[in-house]
Amino acid sequence: MTIWLLAILVLASVAALGYQQGAIRASITFFGIILAALLAPLAGKIFKPLLGLFGMTNPVWLWVLPPLFGFILVLALVKLVAFFVHQKVDVYYKYKAGDLRLSLFERLNDRLGACVGLLNGVAYLVLITFVIHAFSYWTVQMASTDTDPKTVRLLNTLGRDLESTGMARVAKAIDPMSEAFYETADLTGLLYQNSLLEARLLRYPGLLTLGEKPEFQTLGQDAAFAEMRLKGASINEVLEQPSAKAVFANPELLKEIWATIQPDLKDLRAFLETGKSAKYDGEKLLGRWRFDSSGSMLAYRRLKPGIAGTEANRIRVWMHERFGKAVIVAAPDKMVALKDVSELKLQPGQATPPNPRTLKGTWKADGLDYEFDLEGGTERRNAKFEGRFLILAGDGISIAFAKED
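Residues numbered from 1 in each chain as written. Predicted model: local features only at pLDDT ≥ 70, side-chain atom pairs only at ≥ 80, totals over all residues. Heavy atoms only, no water.

By the alternation rule, side chains of strand β2 (residues 327-330) split into V327 and V329 and I328 and A330, which are all buried. Here four bridges tie strand β1 (residues 287-291) to β2, and the two strands are oriented antiparallel to one another. Each residue of the ladder has a partner; that of R288, found in β2, is V329. Relative to strand β3 (residues 335-341), β2 runs antiparallel, the two sharing four bridges. (Buried < 20%, exposed > 50% of the residue type's maximum accessible area, 1.4 Å probe, protein only. Helix = DSSP H or I, 4+ residues; strand = E, 2+ residues; numbered from the N terminus. Pairing = 2+ DSSP bridges.)

So, in structure tokens, the structure goes:
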């Protein structure tokens, strides 16, 4: 219903404007609308640095406003041309054509102007339906509660009406947005409506390197953010959280995120839905691996099969104290991080080190084994698979890690 009200309002107002301006200005404006729509992205490039000079950093507005201003600029220039053409013709009929011809011209100009204005209204309506479709495709999927702003709720209503009335086909007919735009919206909606999937998102191999950045580490440790997500807070409330704002208000970081996920959009969605990645599952090492006490004891018993039960319990406690929080992160770009890992040396009588280290570097496959080149080559570690465990070799001891599901 709302979309028809909008259509009537647009068509009636622009037809009335065409009647008031006349056929000449309305006709040139029609071609101006088409030209402005085609040149809006190009003309908008003029305004992007200007918006930055005025302190605008919000990436959404920096994406939306430049093409809008570009459209207005081109249309304004065309309307200016239309005004001067109309003035030339109007002067001729007023001062050179005689009263009868002036009267006939004014009548034709007004009535034909209303008809052409109606055509302009159709052009504006088509562009408006595209804008509604593109934005509501995102906002409908992230609709949460009645706390959403009224403008967002109105946009969602218009978007649903576009689909129910079939007007969405009109928007799609002129839609220049890439498939990735809508795939990203689907992915964002899936994550927003299923907050528990965020844990799986952090385990996607293609995002592991990004996940090690301080902004994402802080976001992952923010209990208030996690609580808001579980409670289904609105998108505005979520983005106002300081840890979230540090990510979404950073244009360079957002560009890096987009460059990372764009090639993997389909695979990432499949991973979120099934836990399987067709692109990365071929490399067993990729992922996050956590210290596994039982696997580590199995590895230790292989080294010392005759160990007594009391000694085994003591070693188990010692391992848990030193490596209980240890994590290995291995990413597709050959990045590897050993986090909260103490010295890999069997010293069961030594006190637990107060500050386990985090080592970063690169990994490479060496046959069936792996070599970790850490801290610029100053340290090296070897690892291999034994069943489902990743075994990190040390001096007289091997530590087992199990992959996060």
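So that's the structure; there's more coming.
Further remarks concern the sheet that holds β1. Strand order in the closed barrel formed by eight strands is β1-β2-β3-β4-β5-β6-β7-β8, and the pairing between neighbours is antiparallel. Strand-to-strand, the axes of this sheet are offset by a mean angle of 30 degrees, without reference to chain direction. In this sheet, strand β8 (residues 398-403) lies alongside β1 in antiparallel orientation, the contact comprising three bridges. Considered in β8, the bridge of R290 is made with A402. Across the sheet, helix α17 (residues 293-303) is in contact with β1, β6 (379-386), β7 (389-393) and β8; its angle to β8 comes to roughly 145 degrees. (Axes fitted to C-alpha atoms, helices over the stretch in contact; angles between N-to-C directions. Contact = heavy atoms within 4.5 Å.)

Moving on, we get to the pairing of strand β4 (residues 357-366). Remember that side chains alternate between the two faces of the sheet whenever the strand is regular. Sheet analysis places β3 next to β4, joined by five bridges and oriented antiparallel. Bridging from a neighbouring strand, L338 pairs with L359 of β4. Relative to strand β5 (residues 369-374), β4 runs antiparallel, the two sharing six bridges. Bridging across to β5, T362 finds its partner in D373. Between β4 and β5, which follow one another and run antiparallel, lie two residues, and G367 among them has a positive phi close to 70 degrees.

Attention shifts here to empty space enclosed by the protein. It is a probe the size of a water molecule, rolled over the atoms, that shows where empty space is left. Scanning the model with the defined rule gives one cavity of 30 Å³ or more in all. One number sums up the size of the largest cavity: a volume of about 50 Å³. Taken together, V14, L17, G18, Q21, A26, T29, K79, N120 and Y124 form the lining of the largest cavity. Elements represented by at least two residues in the lining of the largest cavity include exactly α1 (2-21), α2 (23-44) and α5 (99-139). For the lining of the largest cavity, the element with the most residues is α1, which contributes four residues. (1 Å grid on protein atoms, 1.4 Å probe; cavity = no way out; pocket = protein on both sides within 12 Å on 5 of 7 lines; lining within 4 Å. Points joined across faces, edges and corners; volume = space filled by probe spheres on them.)

Soluble globular proteins: nonpolar side chains tend toward being buried together. Formed by 55 residues in total, the largest nonpolar core has its most connected members in M319, I328, L338, F372 and F401. Sorting elements by how many residues they give to this core places helix α18 (residues 309-323) first, with five residues. Discounting chain neighbours no more than four positions away, the residues touching M319 are F291, S296, M297, Y300, G324, I397 and S398. In terms of nonpolar packing, the next biggest core, distinct from the first, is built from twelve residues, I3, V14, L162 and M167 among them. (Core = buried A, V, L, I, M, F, W, Y, C linked by side-chain atoms within 4.5 Å.)

Looking at the protein as a whole, the pLDDT averages 87, with 97% of positions reaching at least 70. The secondary structure element of the protein with the lowest average pLDDT is helix α13 (residues 235-239), at 79, and the one with the highest is α2, at 94. (pLDDT = per-residue confidence, 0-100.)

On to unusual backbone geometry, then. Backbone geometry places K334, a non-glycine residue, at a positive phi of 75 degrees. On the secondary structure map, K334 appears in the loop between β2 and β3. The phi torsion at D340 lies on the positive side, around 55 degrees, for a residue other than glycine. Here D340 shows up in strand β3. Residue classification places D340 among the partly exposed positions, given a relative accessible area of 33%.

An α-helical turn contains 3.6 residues, so a residue and the one three or four places further along point in the same direction. Helix length check: helix α8 (residues 179-193), at 15 residues, gives a terminal C-alpha distance of 21 Å against a target of 21 Å (1.5 Å per residue), a fit within 8%. Listed as buried for α8 are A180, F181, Y182, E183, T184, A185, D186, L187, G189, L190, L191 and Y192. (Expected span 1.5 Å × (residues − 1).)

A few words on the pattern of salt bridges. All told, the structure shown has 22 salt bridges when counted by the stated rule. One salt bridge in this structure joins D186 and R269, with 3.8 Å as the shortest N-O distance. Remark: R269 occurs in helix α16 (residues 265-274) and D186 occurs in helix α8; sequence separation between them is 83 residues. The partly exposed category is assigned to R269, whose relative accessible area is 30%. Each member of the salt-bridge network shares a partner with another, and the members are E212, R288, R290, K339 and E404. (Salt bridge = Lys/Arg side-chain N within 4 Å of Asp/Glu carboxyl O.)

By the definition in use, this model includes 17 aromatic pairs. When the centroid spacing of 5.6 Å and the interplanar angle of 80 degrees are considered together, the rings of Y204 and Y280 count as edge-to-face. Pair noted here: Y204 is in the loop between α9 (197-201) and α10 (208-211) and Y280 is in the loop between α16 and β1, with a separation of 76 residues, a long-range link. Each of the two residues, Y204 as well as Y280, counts as buried. When the ring centre of F385 is taken as reference, the NZ or CZ atom of K284 above it lies at 4.2 Å. Just above the ring of W363 sits the side chain of K334; from NZ or CZ to the centre is 3.8 Å. (Phe/Tyr/Trp six-rings, centres within 6.5 Å; stacked < 30°, edge-to-face > 60°. Lys NZ or Arg CZ within 6 Å of the ring centre and 35° of its normal.)

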